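Structural characterization, general
In case you want the letters, here they are:
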Amino acid sequence: MENDITAIPRIGDDAPAFKAITTEGEINFPDDFQGRWIILFSHPADFTPVCTTEFITFGNMTAEFEKMNCQLVGLSIDGVSSHIAWLRTIEEKINYKGMKNVKIHFPVIDDVGMKIAKTYGMLHPGESNTKAVRAVFFIDPEGIIRTILYYPMALGRNFDEMKRILIGLQTIDRFKVALPADWKPGDDVITTSPGTMEKAEQRANEEEAGMKCYDWFLCTKPLPLEKIEKNIRR
Ligand code: BEZ
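Residues numbered from 1 in each chain as written. Predicted model: local features only at pLDDT ≥ 70, side-chain atom pairs only at ≥ 80, totals over all residues. Heavy atoms only, no water.

A word on the sheet that holds strand β11 (residues 212–215). Within a sheet, adjacent strands bond to each other through the backbone by hydrogen bonds, running parallel or antiparallel. Judged by pairing direction, the sheet is antiparallel, and its 3 strands sit side by side in the order β10-β12-β11 without closing on themselves. Each of the sheet's edge strands pairs with one partner strand only, and the pair in question is β10 (189–190) and β11. Relative to strand β12 (residues 218–221), β10 runs antiparallel, the two being bridged by 2 bridges. Directly across from V189, in β12, lies its bridge partner K221. (Pairing = 2+ DSSP bridges. Helix = DSSP H or I, 4+ residues; strand = E, 2+ residues; numbered from the N terminus.)

This next bit is on the environment of T48. Looking at where T48 falls in the secondary structure, it is placed in the loop between β3 (37–42) and α1 (49–67). Residues T48 and W86 lie 38 residues apart in sequence; the distance between their C-alpha atoms is 9.4 Å. In terms of polar contacts, T48 uses its side chain to reach the backbone carbonyl oxygen of A45, at 2.7 Å. (Polar contact = N/O pair within 3.5 Å; in protein donor to acceptor, adjacent residues only side chain to side chain.)

Here we come to the nonpolar core. Considering soluble globular proteins, one finds that nonpolar side chains tend to be buried as a cluster. Counting 37 residues, the largest nonpolar core has I39, F55, F58, F65, F106, F138 and M162 as its most contacted members. Taken together, the elements giving at least two residues each to this core come down to β3, α1, β4 (70–76), α2 (80–93), β8 (134–139), β9 (145–151), α4 (159–175) and α6 (225–232). Among the elements that take part in this core, α4 stands out by supplying 7 residues, more than any other. The residues that make up this core include at least three from each of domain 1 (2–158) and domain 2 (176–231). If we skip the residues at most four places from it in the chain, F65 touches I39, F58, C70, L72, F159, M162, K163 and L166. (Core = buried A, V, L, I, M, F, W, Y, C linked by side-chain atoms within 4.5 Å. Buried < 20%, exposed > 50% of the residue type's maximum accessible area, 1.4 Å probe, protein only. Domains from an automatic or database assignment. Contact = heavy atoms within 4.5 Å.)

What follows is about a nonpolar patch on the surface. Among the surface-exposed residues, Y214, W216, F217 and L218 lie close enough to one another that they form a single nonpolar patch of about 430 Å² accessible area. For W216, the location among the structural elements is in the loop between β11 and β12. (Patch = residues over 30% accessible without salt bridge, like charges linked within 9 Å, V, L, I, M, F, W, Y side chains within 5 Å. Areas by Shrake-Rupley, 256 points an atom, 1.4 Å probe, with all protein chains shown as cover. Salt bridge = Lys/Arg side-chain N within 4 Å of Asp/Glu carboxyl O.)

Before going further, it helps to examine the side chain of D46. Structurally, the position occupied by D46 is in the loop between β3 and α1. Lacking a salt bridge, the buried D46 has R134 as its closest oppositely charged neighbour, with an N-O distance of 9.9 Å. In this structure the side chain of D46 is engaged in a polar contact, spanning 2.6 Å, whose partner is the side chain of S82. When neighbours within four sequence positions are excluded, D46 is seen to be in contact with S76, D78, G79, S82, H83 and W86. (Lys, Arg positive; Asp, Glu negative; His and termini not counted.)

What follows is about the packing of aromatic side chains. Taken as a whole and judged by the stated rule, the model has 15 aromatic pairs. Arranged with centres 6.2 Å apart and planes meeting at 65°, the rings of F29 and F33 form a pair that is edge-to-face. The same class applies to F29 as to F33, namely buried. Measuring from ring centre to ring centre gives 5.7 Å for F55 and F106, while their planes differ by 45°; the resulting arrangement is tilted. Of this pair, F55 sits in helix α1 while F106 is found in the loop between β6 (99–100) and β7 (108–110), placing the two residues 51 residues apart along the sequence. Judged by its relative accessible area of 1%, F106 is buried. Three or more aromatic residues joined by ring pairs make a cluster, and in this case those are F41, F55, F58, F65, W86, F106 and F159. Against the face of F175 rests R174, its NZ or CZ located 5.0 Å from the ring centre. (Phe/Tyr/Trp six-rings, centres within 6.5 Å; stacked < 30°, edge-to-face > 60°. Lys NZ or Arg CZ within 6 Å of the ring centre and 35° of its normal.)

Next comes the structure, spelled out in structure tokens:
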């Protein structure tokens, strides 16, 4: 496992493997979650306000991510006892925007030694040497990193965007399409580019049913929400 603080895994890389202590017991990452999507995310510290709003939101949405065959895994440079105390406080005391009694049942990693944070490029010294920034890694069922997000410590993440990314990646894989700017499930999708001059010519002349071409290299087609839901939900 790499431990250079400047190392950042890239999209398309194998997700670096590690063993860790978590609030749900020891895990072997990513092997324990083989065949499932994983969202591995870091937060700066337990018992901090922005992180608390994020955890209550993520905890509240866990069932939606599970329906999409996705395992959530949290991490901070705190010990497991601190994580447990914080998660109990969230469940017992916090009522945020109508979300209350939220039980967090995804694993939260104890990374006091910073080994995993360093391996995954979660420590950004310009922001902090001792706390992870808000990193998010989307890892596919084959253990490949597919999307990476980084947010600074003071900015809470957009969880609807995380859901959109996950559905987007699953849609790309399942339907072999690309997704345009601001795509939402149910919007038109981009068909793959024609690979030959002949196909480009064909496309320029005759549009497939429902296909809309803005030019020979930019064509969209409908992909109804029901089709996505039927194919990517467990
Ligand atoms: C927070 O979660 O509130 C937070 C954590 C570290 C720095 C700034 C904000």
